[in-house]
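Next come the chains, spelled out residue by residue.
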Amino acid sequence: MAKGKGSAPADDEADAVLPDDTDTTQDDADAVDDSAEESGESRRSSDKSDRKSDRPKSKRGGGRTNPVSWVLRFVREVVAELGKVIWPTRKDLITYTLVVVVFLVVMVALVAGLDVGFERLALLVFGGGTSS
């Protein structure tokens, strides 16, 4: 068949492009494995998630949990997170406290000075001086 501008390829040409013995399911699985390795995941993690989804959510109906166990779990997680905190040394704590106190003294002085200045300006403008 002659190739023209609008002609479609013949069946023989299409077979030449895609051979019949190609196993696409294996290629797809390899592509998934490659993408999982690039993203840092392994095939085992997907297997674990499949096993977790097969488990029943809870023994009781409605997915309710014991409130006491929920509180204990919460406290355990809070303690674990507090263990990750980088606590300041005594020297650092004193330094940070002094910085905050000095900043507050400066800000209080600034606001008090502005208050006194605006008060005098208002008395000057509106004539609120002493009357005899």
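Since this is a predicted model, take the numbers as computed values, not measurements.

Novice: Looking at this structure, how should I read the overall build of the protein?
Specialist: Along its length, the protein carries five helices and zero strands. When the helices and strands of the protein are placed in sequence order, the string is α-α-α-α-α. Of all 132 residues assigned to the protein, the portion counted as buried reaches 1%. Carbon together with sulfur atoms contributes 61% to the accessible area of the protein, which is approximately 12800 Å² in total.

Novice: When you look at the pattern of salt bridges in this model, what are you seeing that I'm missing?
Specialist: Once their charged atoms are close, side chains differing in charge can pair, the charge on each being opposite to the other. Evaluated as defined, the whole model comprises two salt bridges. In this structure, the salt-bridge partner of R73 is E77, at a minimum N-O distance of 3.0 Å. Of this pair, R73 and E77 both sit in helix 4 (residues 67-84), four residues apart, which is roughly one turn of the helix. Where E81 meets K84, a salt bridge forms, and the shortest distance between an N and an O atom there is 3.2 Å. Remark: K84 and E81 occur in helix 4; sequence separation between them is three residues, near one turn of the helix. Taking relative accessible area as the criterion, E81 reaches 46% and is therefore assigned partly exposed.

Novice: Explain the confidence of the model for the protein here, please?
Specialist: Any residue range with low pLDDT should be treated as having predicted coordinates unsuitable for detailed reading. Averaged over all residues, the pLDDT of the protein is 74; the fraction at 70 or higher stands at 49%. Per-element confidence in the protein is highest for helix 5 (residues 90-126), whose mean pLDDT is 97, and lowest for helix 1 (residues 11-17), whose mean pLDDT is 54.

Rules behind the numbers
Counting from 1, residues in each chain are numbered in the order their sequence is written. The model is predicted, so local features are restricted to residues of pLDDT at least 70 and side-chain atom pairs to those at 80 or more, both for listing and for counting; the totals for chains, interfaces and linings are taken over all residues. Computation of side-chain values: all heavy atoms of the structure, hydrogens and water removed. Strands here are runs of E lasting at least two residues and helices are runs of H or I lasting at least four, both read from the DSSP assignment and numbered beginning at the N terminus. Per-residue accessibility, obtained with a 1.4 Å probe over protein chains only, is compared with the maximum for each type, and a residue is labelled buried under 20%, exposed over 50%, and partly exposed between these values. Computed with the Shrake-Rupley method and a 1.4 Å probe, the accessible areas treat only the protein chains shown as cover for residues. The rule for a salt bridge is simple: a side-chain nitrogen of Lys or Arg has to be within 4 Å of a carboxyl oxygen of Asp or Glu. Per-residue confidence from the predictor is reported as pLDDT, which spans 0 to 100.

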